[in-house]
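Residue-level structure breakdown
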Amino acid sequence: MCLTALIVLSFDVIVVGLGGMGSAAAAHLASRGQRVLGLEQFQVAHAHGSSHGRSRVIRLAYFEDPAYVPLLRRAYELWRRLETDTGRDVLRMTGGLMIGAADSEVVSGSLRSAREHGLAHELLDAKEIGRRFPPFTPPAGTVALYESEAGSLAPEEAIRAHLDVAANHGARLHCDEPVLSWQVATSGRIVVTTSRGDYEAGRLVLVPGPWAPELFKLDWLPLKVEPQVLYWLEPSGGAAAYAAERFPIYIWDLGDGVQFYGFPADEAGRVKVAFFRTPNGDESFLRAALAPCLPSLATGTLVETMSCKYTLTPDQHFVIGQHPEHAQVVIASPCSGHGYKFASVVGEILADLAIDGVTRHPIDLFSPNRFRARRA
């Protein structure tokens, strides 16, 4: 009796996870001529991870660290190129306010980045904030950094756009196909086992979002998955004052670790707001935070909520690099609640690492080995 040999499909690169970062990686890899397989355990632009919610903040005056600004400049270029290449609208510029006390993390850090990189910006006092943007009622002593080069991204639309690019360059994209395991064969090639079978490739890119702790196989990497809730409210008195042409994105630092952020009204007149790295904040806590700052939103009608999963590192910087134990594997957890805006350039970085093993972009800050060194 003759047995038919099992045929294992072979690729140059397999990308696991087709959310914000994975879809961008697949697009960059395929456009460079790589034979790409993209694997997603859910449907495209699903709501189970951290690449959904219909809007994500994008800003240049980055309070987290000035080191992010060069990456942001490239990210802006790539987002605009993606729009041109696909005809999809993913970027909306509204301007942005970073609000709080002068010495708050959000204001002082944003000002540091703006000055270090020569970014156009204005400093506004409480009176000027309220005059220019009437929904805000900042208490005396509040200041804000305003930058015109800030706005929002449409994450689901951006994922579809990147996957359009990937597919147009020959990538095979499989949805509803969970990855069960991966291993490095004696040949040095990667074998990925899914719910449907086995695939092999010379390189593997792992961008699984909240599923990173299991798929990275690095027990010493301190990743923590934390749920956050997104809220949509209809402002009391109507949404006209929150229209995108007159109301910017913002992050407001109230001190004591409480920060919230928000967007202009959407087409249905609903205004999205959420806490930024403030765990355990429920609706009542949110309304209390909004009350002295955006009273018409604090008293608005709650119309929708949605859960989003942050994958956090202790220092809240990204994890991007080659797998510490397998050079053929590239890993990325560029999240910690502030990663989506970088998806376009992170995709470029992951393609660089998968093809060449190096990238021109500054990513030393994101090395996974920084945590192994600390543990040792």
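Structure report, in brief. What you see is a predicted model, and the numbers here were worked out from it, not measured in a lab.

A short note on the overall build of the protein
- Of the regular secondary structure elements, the protein holds 10 helices and 19 strands.
- Dimensions of the protein, computed from the C-alpha atoms along their principal axes, are close to 85 × 45 × 40 Å.
- For the protein, contacts bridging at least 24 residues in sequence account for 71% of all contacts bridging at least 6.
- Across the protein, 35 positive and 41 negative side-chain charges occur, with their mean positions spaced 2 Å apart.

Considerations on the nonpolar core
- Counting residues in hydrophobic clusters, the biggest one holds 72 residues, and the most contacted among them are W79, V205, Y261, I320, F342 and L350.
- Residues contacting F342, with those up to four places away along its chain left out, are Y62, Y68, L71, L72, A75 and F318.
- Counting 27 residues, the second largest nonpolar core, distinct from the first, contains A144, Y146, Y250 and F260.

Here we look at the sheet that holds strand β16 (residues 271–275)
- Pairing in this open sheet of 8 strands is mixed, and the strands run β6-β7-β5-β14-β15-β16-β13-β17 from one edge to the other. Since the sheet does not close on itself, it has two edges, and those belong to β6 (122–125) and β17 (301–312), each with one partner. Neighbour-to-neighbour, the strand axes of the sheet open up by a mean angle of 20°, direction not taken into account.
- As paired strands, β6 and strand β7 (residues 143–147) are joined by 4 bridges and run antiparallel to one another. Within β7, the residue paired with L124 across the bridge is A144.
- Strands β5 (96–100), β6, β7, β14 (249–255) and β15 (258–265) of the sheet are contacted by helix α3 (residues 105–116), whose axis makes an angle of about 130° with β5.

Things to note about unusual backbone geometry
- With a phi angle near 60°, A45 is a residue other than glycine that sits in the positive phi range.
- With respect to the helices and strands, A45 occurs in the loop between β2 (36–39) and β3 (56–58).
- Not every positive phi belongs to a glycine, and R54 is a case in point at roughly 75°.
- Positionally, R54 belongs in the loop between β2 and β3.
- Of the residues examined, R54 reaches a relative accessible area of 36% and is grouped as partly exposed.

Regarding helix α2 (residues 69–86)
- The first and last C-alpha atoms of α2 sit 26 Å apart over 18 residues, in line with the 26 Å expected at 1.5 Å per residue.
- Listed as buried for α2 are V69, L71, L72, R74, A75, Y76, L78, W79, L82 and E83.
- Of the residues one or two after α2, G87 is the one with positive phi, at around 75°.

Considerations on the side chain of S152
- As for its placement among the helices and strands, S152 is situated in strand β8 (residues 151–153).
- S152 gets classed as buried once you look at its relative accessible area, which sits at 5%.
- Not counting residues within four places of it along the chain, the set of residues in contact with S152 comprises R56, I58, V90, L91, R92, I249 and F263.

A look at the side chain of T311
- Along the chain, the position of T311 falls in strand β17.
- Those residues in contact with T311 that sit more than four places away from it in its chain are G209, P210, L223, K224, V225, S333, C335 and S336.

Scoring rules and cut-offs
- Residues numbered from 1 in each chain as written.
- Predicted model: local features only at pLDDT ≥ 70, side-chain atom pairs only at ≥ 80, totals over all residues.
- Heavy atoms only, no water.
- Helix = DSSP H or I, 4+ residues; strand = E, 2+ residues; numbered from the N terminus.
- Contact = heavy atoms within 4.5 Å.
- Lys, Arg positive; Asp, Glu negative; His and termini not counted.
- Charge placed at Lys NZ, Arg CZ, Asp CG, Glu CD.
- Core = buried A, V, L, I, M, F, W, Y, C linked by side-chain atoms within 4.5 Å.
- Buried < 20%, exposed > 50% of the residue type's maximum accessible area, 1.4 Å probe, protein only.
- Pairing = 2+ DSSP bridges.
- Axes fitted to C-alpha atoms, helices over the stretch in contact; angles between N-to-C directions.
- Expected span 1.5 Å × (residues − 1).

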